[in-house]
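Descriptive structure summary
Residues per chain are reported as follows:
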Amino acid sequence: MRTSTPTTPLISGRWRRYGSVAAATGALLFAGLGTAAHAGAATPHKVSSKAVAAAVAKAHVTYESACGATPKKGYAACNALRVTAGTTAFQEEQAAKKGTSPATVSPKASSAGPTGYGPSDLQSAYGLTSAAANNGSGQTVAIVDAYDDPNAEADLATYRSYYGLPACTTANGCFKKVSQTGSTTSLPTADSGWAGEISLDLDMVSAIAPNAKILLVEAKSSSMANLGKAVNEAVTLGAKFVSNSYGGSESSSDTSYDSSYFNHPGVAITVSAGDEGYGAEYPAASKYVTAVGGTKLSKSSTSRGWTETVWNTNSTEGTGSGCSSYDAKPSWQTDTGCTKRMISDVSAVADPATGVSVYDSYGSDGTGWNTYGGTSASAPIIASVYALAGTPGSSDYPAKYPYADTSALNDVTSGSNGSCSTSYFCTAKSGYDGPTGLGTPQGLSAFTG
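In short, a report on the structure. Going along each chain's sequence as written, the residues are numbered from 1 onward. Side-chain atom pairs in this predicted model are given and counted only at pLDDT of 80 or more, local residue features only at pLDDT of at least 70, and totals for whole chains, interfaces and linings cover all residues. Side-chain descriptors were evaluated using all non-hydrogen atoms of the structure, hydrogens and water having been removed beforehand.

So, the overall build of the chain
Secondary structure summary: the chain contains 11 helices and 23 strands in total. Throughout, exposure labels follow a simple rule: accessible area from a 1.4 Å probe, protein chains only, divided by the maximum for the residue type, with under 20% read as buried, over 50% as exposed, and the rest as partly exposed. Across the 449 residues in the chain, those meeting the buried criterion constitute 62%. Pairs at least 24 apart in sequence give 78% of the contacts found in the chain among residues at least 6 apart. Areas reported as accessible are Shrake-Rupley estimates using a 1.4 Å probe. Residue values count occlusion only from the protein chains shown. Here the chain has roughly 14,500 Å² of accessible surface; of this, 51% comes from carbon and sulfur atoms. Secondary structure is summarised from DSSP: a helix means a run of H or I of at least four residues, a strand means a run of E of at least two, and numbering begins at the N terminus for each. A contact between two residues is defined here by any heavy atoms of the two lying within 4.5 Å.

What about the nonpolar core?
Counting residues in each nonpolar core, the largest one holds 104 residues, and the members touching the most others are Leu122, Val144, Leu202, Val242, Tyr246, Phe262 and Phe447. At nine residues, the largest contribution of residues to this core is made by helix H9 (residues 375-389). Discounting residues that sit within four places of it in the chain, Leu122 has contacts with Tyr117, Met204, Ala207, Ile208, Leu297, Val349, Val356 and Ile381. Counting residues in each nonpolar core, the second largest holds eight residues, with Val61, Val83, Val105 and Ala350 among its members. Throughout, nonpolar core names a set of buried Ala, Val, Leu, Ile, Met, Phe, Trp, Tyr and Cys residues whose side chains join them through atoms within 4.5 Å.

Focus on the state of the cysteines
Criterion for a disulfide: a pair of cysteine sulfur atoms within 2.5 Å. Counted according to the given criterion, the structure contains four disulfides. Here Cys67 is linked by a disulfide to Cys78, with a sulfur-sulfur distance of 2.1 Å. Measuring handedness by torsion sign, the sulfur bridge of Cys67 and Cys78 sits at about 95° and is right-handed. A residue pair is termed long-range when its members are at least 10 positions apart, and Cys67 in the loop between strand S3 (60-65) and strand S4 (77-78) and Cys78 in strand S4 qualify at 11 residues. Assigned by exposure class, Cys67 and Cys78 land together as buried. Between the sulfur atoms of Cys323 and its disulfide mate Cys338 the distance is 2.1 Å. Given an S-S torsion of about 80°, the disulfide between Cys323 and Cys338 has right-handed geometry. With Cys323 in strand S17 (residues 322-328) and Cys338 in the loop between S17 and strand S18 (340-343), this pair connects stretches of sequence that are 15 residues apart. Since its relative accessible area comes to 25%, Cys323 is described here as partly exposed. Residue classification places Cys338 among the buried positions, given a relative accessible area of 1%. Numbered by position along the chain, the disulfide-linked cysteines of the chain connect as 1-2, 3-4, 5-6, 7-8.

Some points on the pattern of salt bridges
One side-chain nitrogen of Lys or Arg within 4 Å of one carboxyl oxygen of Asp or Glu is enough to make a salt bridge. Evaluated as defined, the whole model comprises seven salt bridges. Across the pair Glu64 and Arg82 runs a salt bridge whose closest N-O atoms are separated by 3.6 Å. Of this pair, Glu64 sits in strand S3 while Arg82 sits in strand S5 (residues 81-87); the two residues are 18 residues apart in sequence, bridging distant segments of the chain. The class of Arg82 is buried, set by a relative accessible area of 1%. The salt bridge involving Lys400 is made with Asp396; its shortest N-O contact spans 3.7 Å.

Read these as geometric descriptors, not functional statements.
Here it is in structure tokens:
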């Protein structure tokens with residue numbers, strides 16, 4: 001278990017254990033798998049579709065929450081989930097390609113190499129391979145999290161080096177870490193739970209937009225006020241893309257937070273929809289942000305090569321969604337069942353069993369390569385897609401962009417994240433639905449003004 005030393009009254013740096021998760025439903029139904037090779041991967045051998053499907057169907061994991069139980073009013077918890085045991089979809093895929101038995105994640109979830117999807121997988125899944133190679137230069141993606149990760153830059157370097165991505169360091173001007181006041185020297189207290197979240201966020205920006213600069217803004221606590229001040233600082237420092245992988249319960253204070261911290265025209269602000277199944281969270285409910293839901297992402301024999309369903313483990317574990325109790329509906333959101341703000345807008349991979357590779361070395365557990373999931377993965381992915389698409393219009397709220405070009409998204413039409421009285425609030429369907437919004441990226445068109 002990680003240790004933490006936060007000085008504010010929240011549950012942080014503690015891990016909440018989750019149950020076993022089925023990693024796939026036999027969607028890997030083609031010979032050879034076709035995944036871009038990762039560093040150190042063995043030469044693939046011929047394998048039948050039936051054998052691949054049988055292998056993937058066995059994938060299952062257990063995982064833990066990086067930031068503990070539901071925080072008290074006015075505070076947020078991060079939405080990062082770290083795989084602690086089992087066999088991921090990526091491991092099953094690699095084993096089938098090599099003709100070997102799949103490896104398993106160790107109890108401390110630290111492995112000699114990646115056990116989750118890497119940059120080539122994510123770029124392939126979302127039609128971003130060319131854009132990731134050619135776009136993003138001159139853009140800055142900001143990551144807002146609570147507390148300090150002392151190893152953030154070093155861990156980022158390990159991830160990028162392994163996958164052959166360009167170096168992103170303080171020295172070359174690509175990476176910058178500051179406090180919520182902009183200080184590079186007076187940083188918050190270190191916290192190992194949030195450090196895992198930070199590593200996840202930095203690695204996802206690297207995976208999707210490797211040519212972009214990264215600004216890490218660390219709030220001094222996980223209070224909504226301090227996190228909000230960190231958002232403001234990110235915008236002050238010039239970021240046009242700001243990712244927030246945290247959330248808490250809605251409250252009557254949310255509209256005040258909206259005007260104080262999230263009303264930034266010309267800036268794409270993404271927020272995780274939550275990891276506890278059906279139910280609205282804030283700041284995902286803010287009318288000024290792009291609320292990002294989560295999917296289960298698996299290889300398939302379709303022309304796309306991938307398939308997605310709503311991420312859901314059980315009624316309390318899966319992507320968040322819901323109709324806000326407080327925030328007004330933005331003009332571009334036209335669903336009729338919810339008179340206020342509806343969560344989500346778009347989505348990306350979040351299921352830990354089909355999770356992403358992350359390198360994190362701060363803390364006593366999980367040191368090294370880990371697999372992470374949660375909507376903490378999907379929020380920075382979407383922020384980075386916006387960065388590849390280009391600078392938003394100066395008076396625009398980029399959350400509206402996907403609504404203007406829904407054909408440029410992968411519509412997720414199956415799965416649910418719980419029970420609800422209005423079906424699309426919690427169940428996927430053709431067109432808009434709560435758990436996955438309008439769908440997942442299919443290139444950049446839906447994220448361009």
